[in-house]
Each structure stands twice: as structure tokens, then as C-alpha cells.
Amino acid sequence: MGTENRIASRESSHAIGFRSVTPEQYEQTLTAEGTIPSWLTGTYVVNGPAKFEAGDRSLSHWFDGFGMLHRFQFDGDHVHYRRRFVESGAYTHARDTDTLGYREFATDPSESCFDRAVSLLAPPSVTDNANGPLVRYGDRHVVTAESPGAIEFDPETLATVDRITFDDDLAGQISCAHPQYDPLTDETISVLTRIARQSSYTVVRIADGEREPISSIAVDRPCYMHSFALTPTYVVLVEFPYVVNPFTFRLSDRSFIEQFDWRPERGTRLLVFDRSSGRLLAQPRMDAFFALHHVNAFEQSDELLLDLLTYSTPEIVEAFSLDSIRTDRSSLPSGRLRRLRLTIDDWAVSSRSLAAHPLERPEIVGHRRTQPYQFVYGVGKRDTGSFYDRLLKVETTGSTTCWHEPATFPGEPTAVPAPAPGSEDDGVILSLVLDGSDERSFVLVLDGETFTELARMPLDHPIPYPRHGQYYSTDEC
Ligand SMILES: [Fe+2]
């Protein structure tokens, strides 16, 4: 093999992160190379797609893959690793029947014209495949899906505890993938989207095992909304012009996400709600853009500041199709950290870029959520081409620090503050990294301030590229 081919092979080796994992249940004790801070004694759990087929049927999209939890418990110089699939109805159906039984994000169970005709009379269930964020519903630990389905799990054993349903009549086929837990109020805020003749967004509060509406607004064409903004006083829904026609939604033979169209002429609308009363305060409009992930939002003086990672179009969604992500490393668009500034008295909105580097899978330290903050962590890549191949620490003033190692592909970073931190970045950054050259994964521990490596714990095999992670201190699980 010539030098050029060797380099190409190494650079495309992120594809090992999109293979189904075997065996399904596995445990291993990992040994640290380097020094783990003595105070790091909790548990790091990541969730992500880890099975990409049902029988001989291949799934289409990264978001379709069946969710698996991976647990890393820190214990001195060792880390105990364990994994387990999230036992959603979608996963257990596929496991037990070798067929696809639920409508996934970009894969529909109906394959033939006959199947589609039947599905018009008896539509298959929307997936409850919880392969996304790890959040809190009160004292319950849950993982969420792109549908209202959320699944409670045990952070110790990773066993599925309950498929969560709510005894209410709130309507919505989509629940925002990123509900937000507010530790100050011990409530979780989320958004339901209903796609029907009377479509709507409903902002809900989840507390004490119950879900209650904060506010609801009728919409003509609902958008695909993966996350939203929350401050102590406000909830802001950013309605991108990536919208679905509700009148053809149930009749279409296209998958869920394929039914959304990019309509830039609509622009982007911000729906600003008072979090307490639910009153819609304003709906300023901006230029057309798209985002998957909000970073943070907070109030400062007479302004509401809202940070998110934006794209000029929603092509990032298509770029995560498995055909594309496994083979085409040049088509992954670059998200940009952008700050929207809303003046609270007249709700005028302006925006500016906060950093020049492409950024995705953003994370901030938990105690700064909904508050003024200084640092965003995320994964980055060269401006054009390549998969996410570096970790970034971006100061909201724009300066950026990078961790990079050739042929490695870090997953979403998780910020863990030190006990009694002296500064916002006093602590460590955790990431599950794919090592493409050795075809295995390792847990990486970076110093939060210097962004240099403290330790790594290699596994003996690769773990599929994760979507989201969470750290639990010893008293949380
Ligand atoms: Fe997400």
C-alpha cells in the first residue's frame, strides 16, 4: 500500500464507529495510562446507537440505530466498564423477531407497496428507541428518543426500569430530543410537537412524575426541533424553516425525517415564552438557518442571550445517514457557534459568530446552565472534510484550545467540575474516543484548565460512536 493510500485508510477509519457492537453484554476492567484525579470517583455513562440492523434489514440513519448504554465507573487507577442495550419496544421487537416493527427516524418498516397500503389503515408505532441524551425526571434517570418515548434506566446496572408514559391527554408525535433538567427547580422542561390538522408546539413541565403544559401554540407547518433554549425566566423555541406539511404527513410513504422540507423563504422564527405564566411574549424573525444543538441561554441586564450551533441548511441531518457517514468524509457540514441577542423590552434580535472553528456535540459545565458562562466544549474537525477528529474548548470571547491526536475521533465531551471548583474550568473533561489505527476505543481524561491529557483507559475493541454522555457523582447513583 502506498503512503497516500495508508493515509486515506487511516483518515476514514471513523467508520468503525458505525458498526453494530458484539457481544451485547460485556464487562471489562480498564487500567489507566496516566493519572486520574483522586476525586474522580463517580460514573461516566454514554448512550448511542449500537445496532444498525433488524434481521437482514439495514437501518438508514445514525439516529435509527438502537440505543446502548456504556458505563465507566472510576475506581482509583481502574475503570470498570459495562454495557447494555436500552430495552425499548423498538429494540426488543427487532431483537426478538429480526424485523423492524416501529417507524424509526429515517427508516420505515413498510418496504413494499402492499406494506404501505396496510400501514395507512394501521400505522406502525412511532419509535421509542431511546438512543439520545441522558436526563433527569425528578429522581428518575432517563434516556430520551426523538419521540415522546423516554426510558428510565438504572445507572448502576444499566437495566431498563420502565418505559415512561404519562397519564395525560397532551398530544404530540415528537418530543424534543433534549429536555432540560433545571436543578434549581427540580423540574424538567420539554417541548412536544403535534403534527396534525391542528398542529402545535406545547411546552411542558415534568415534575413529581407528572407532566403539565406551560404553554401551547398552533402552527401551520411544524419544524424539526432537536433542542430549545431555557433561562430562569424564559423558554425560547427556535423554529427553523425545516418544516413538514401536516396534511400529507400520515399519507406519505417517506420516512419521518424525509417528510421535512427546507423552506428558507420562511426565515427563522423565535417563540419567546414566559416560563412561569406560559404567555407568548414575542416572535421575532431572523434569517434562515438550522441547528441541532443549543448550547446555553441566560439573562444579562436587559438582554436574553442564546447560544447555539448553526448551519446554513439542514444538510447535517442527511450527512448522518449511514451510507454517507460511513464512507463520505467530505460531506459533514461545519456547525458554527453563534450568539443570538434579544433585547427584552422590544424583543429585537441580532446575532454574531462567537468562534471561527467548526463545532458540534456541545457541552458546558452543568452548574452554568441557564447562567452566564465562559466555556463551551465540543468536537471539531478541519473546516472541510474529515469526521470529528478533535476536542475543542472554546471561550465565549472566541479563543479556542484544541486536543488532537491523529486517527482518533472523540465523542461528545462531558465536563466534570472539581470539588469546590476555583474557576469554571477547574475539573476534567471526559470523552469516549475512537482510535481508528488500533481499532479500539478509550476513555480520555483531560485537565479542564490546560486541556491536556491526564489519563486514558483503553478498551480492547471499538465502541460505536456515542451521541450523548453524562457523569454521575457517587451520591447520584
Ligand atoms: Fe442531540
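Residues numbered from 1 in each chain as written. Predicted model: local features only at pLDDT ≥ 70, side-chain atom pairs only at ≥ 80, totals over all residues. Heavy atoms only, no water.

Participant: For this particular structure, what's the right way to read the overall build of the protein?
Facilitator: Helix and strand counts for the protein come out as six helices and 37 strands. For 477 residues, the compact-globule estimate of 2.2 N^0.38 gives 23 Å, and the protein sits close to it at 21 Å. Across its three principal axes, the protein shows a C-alpha extent of roughly 60 × 55 × 50 Å. The proportion of buried residues among the 477 residues of the protein is 58%. For the protein, the exposed surface amounts to about 18,700 Å²; the carbon and sulfur share of it is 45%. (Helix = DSSP H or I, 4+ residues; strand = E, 2+ residues; numbered from the N terminus. Rg over C-alpha atoms; globule rule 2.2 N^0.38 Å. Buried < 20%, exposed > 50% of the residue type's maximum accessible area, 1.4 Å probe, protein only. Areas by Shrake-Rupley, 256 points an atom, 1.4 Å probe, with all protein chains shown as cover.)

Participant: Looking at this model, I keep getting lost on the coordination of the iron ion. Mind explaining?
Facilitator: Around a metal, the idealised angle for a tetrahedral arrangement of four donor atoms is 109.5 degrees; for an octahedral arrangement of six donor atoms it is 90 or 180 degrees. Looking at the iron ion, the protein donor atoms are H178 (NE2), H226 (NE2), H293 (NE2) and H468 (NE2), and they sit 2.2 to 2.3 Å from it. Coordination at the iron ion comes from four donor atoms whose angles at the metal span 89 to 153°, giving a geometry best classed as irregular. Site description for the iron ion: donor spacing in sequence, H-x47-H-x66-H-x174-H. Residue H226 is located in the loop between strand 16 (210-218) and strand 17 (229-230), and its partner H293 is located in strand 24 (residues 290-300); the two are separated by 67 residues in the primary sequence. Take H226 and H293: they sit in the same class, and that class is buried. (Donors = N, O, S within 2.8 Å, 3.2 Å for Na, K, Ca; no water. Tetrahedral: all angles 85-135°; square planar, octahedral: opposite > 155°, others 65-115°.)

Participant: Help me understand the layout of surface pockets, please; the structure alone is not making it clear to me.
Facilitator: Left-over empty space is what a probe sized like a water molecule reveals as it rolls over the atoms. The computed volume of the largest pocket comes to approximately 1,200 Å³. Lining the largest pocket are 45 residues, with E363, I364, G366, R369 and Q470 positioned closest to its centre. For the lining of the largest pocket, the secondary structure elements donating two or more residues are strand 8 (134-137), strand 13 (180-182), strand 17, strand 24, strand 28 (360-363), strand 33 (414-417) and strand 37 (468-472). When its residues are assigned to classes, the lining of the largest pocket shows 22 nonpolar, 17 polar and six charged. (1 Å grid on protein atoms, 1.4 Å probe; cavity = no way out; pocket = protein on both sides within 12 Å on 5 of 7 lines; lining within 4 Å. Points joined across faces, edges and corners; volume = space filled by probe spheres on them. Nonpolar A, V, L, I, M, F, W, Y, C, P; charged D, E, K, R; others polar.)

Participant: Honestly, unusual backbone geometry in this entry has me stumped. Any pointers?
Facilitator: For residues that are not glycine, phi is negative in most cases, and the peptide bond is trans in most cases. Cis peptide bonds are those with omega within 30 degrees of zero, and the linkage from T22 to P23 qualifies with -10°. As for its position among the elements, P23 is in the loop between helix 1 (3-11) and strand 1 (26-31). The phi torsion at T370 lies on the positive side, around 70°, for a residue other than glycine. The topology assignment puts T370 in the loop between strand 28 and strand 29 (375-380). Using a relative accessible area of 7% as the deciding quantity, one classes T370 as buried. Even without a glycine there, the phi angle at E439 is positive, about 50°. Locating E439 in the fold gives a position in the loop between strand 34 (427-435) and strand 35 (440-447).

Participant: Whenever I open this one, the pairing of strand 18 (residues 234-239) confuses me. Can you help?
Facilitator: A regular strand places its side chains on the two faces of the sheet in alternate fashion. Strand 18 sits mainly inside the fold: six of its six residues count as buried. Every second residue of strand 18 is oriented toward a common face, with Y234, V236 and V238 on one face and V235, L237 and E239 on the other, all of them buried. With two bridges joining them, strand 17 and strand 18 adopt antiparallel strand pairing. Within strand 18, the residue paired with A229 across the bridge is V236. Of the pairings in the sheet, the one linking strand 18 to strand 21 (residues 268-274) comprises six bridges and is antiparallel in character. (Pairing = 2+ DSSP bridges.)

Participant: What is the right way to look at the sheet that holds strand 37 in this model?
Facilitator: Spatially, five strands are ordered 1-7-6-3-37 in an open sheet, and the strand pairing comes out antiparallel. With one partner strand each, in any of the chains shown, strand 1 and strand 37 form the two edges of the open sheet. On average, each strand axis in the sheet is inclined to that of its neighbour by 20°, with strand direction left out of account. Where strand 3 (residues 43-51) and strand 6 (residues 66-75) come together, eight bridges link them in antiparallel fashion. Its bridge partner being in strand 6, N47 is matched across the sheet by L69. (Axes fitted to C-alpha atoms, helices over the stretch in contact; angles between N-to-C directions.)

Participant: Got a minute to help me understand the side chain of T310 in this structure?
Facilitator: Locating T310 in the fold gives a position in strand 25 (residues 303-311). With near-sequence residues (within four places) excluded, T310 lies in contact with F289, F290, A291, S334, G335, R336 and R338. (Contact = heavy atoms within 4.5 Å.)

Participant: Explanation requested: helix 2 (residues 89-97) in the structure shown.
Facilitator: An α-helical turn contains 3.6 residues, so a residue and the one three or four places further along point in the same direction. For helix 2, the full list of buried residues reads G89, A90, Y91, T92 and A94. Where the residues of helix 2 are buried, they touch strand 3, strand 4 (53-54), strand 6, strand 7 (78-85) and strand 11 (160-164). D98 sits one or two positions beyond helix 2 and adopts a positive phi of about 60°.

Participant: I would appreciate a short explanation of the side chain of E239 in the present structure.
Facilitator: Position of E239 relative to the elements: it lies in strand 18. Of note is the side chain of E239, whose polar atom sits 2.7 Å from the side chain of Y201. In this structure, E239 is in contact with Y201, V219, R221, C223, G267, T268 and R269, ignoring residues within four places of it in sequence. (Polar contact = N/O pair within 3.5 Å; in protein donor to acceptor, adjacent residues only side chain to side chain.)

Participant: What am I meant to see in the state of the cysteines here?
Facilitator: Linking two cysteines covalently via their sulfur atoms produces the bond known as a disulfide. The tally for this structure, following the rule as stated, stands at zero disulfides. Looking at C176, it has no disulfide partner, and the nearest cysteine sulfur is the one in C223, 9.8 Å off. (Disulfide = S-S within 2.5 Å.)

Participant: Please explain the pairing of strand 29 as it appears in this structure.
Facilitator: Of all six residues making up strand 29, six are buried, and the element is well covered by its neighbours. The alternating pattern of strand 29 places F375, Y377 and V379 and V376, G378 and G380 on opposite faces, both of which are buried. Looking at chain direction, strand 28 and strand 29 are connected through two bridges and run antiparallel. Paired with E360 across the two strands is V379, which belongs to strand 29. Of the pairings in the sheet, the one linking strand 29 to strand 30 (residues 390-395) comprises six bridges and is antiparallel in character. Each residue of the ladder has a partner; that of G380, found in strand 30, is R390.

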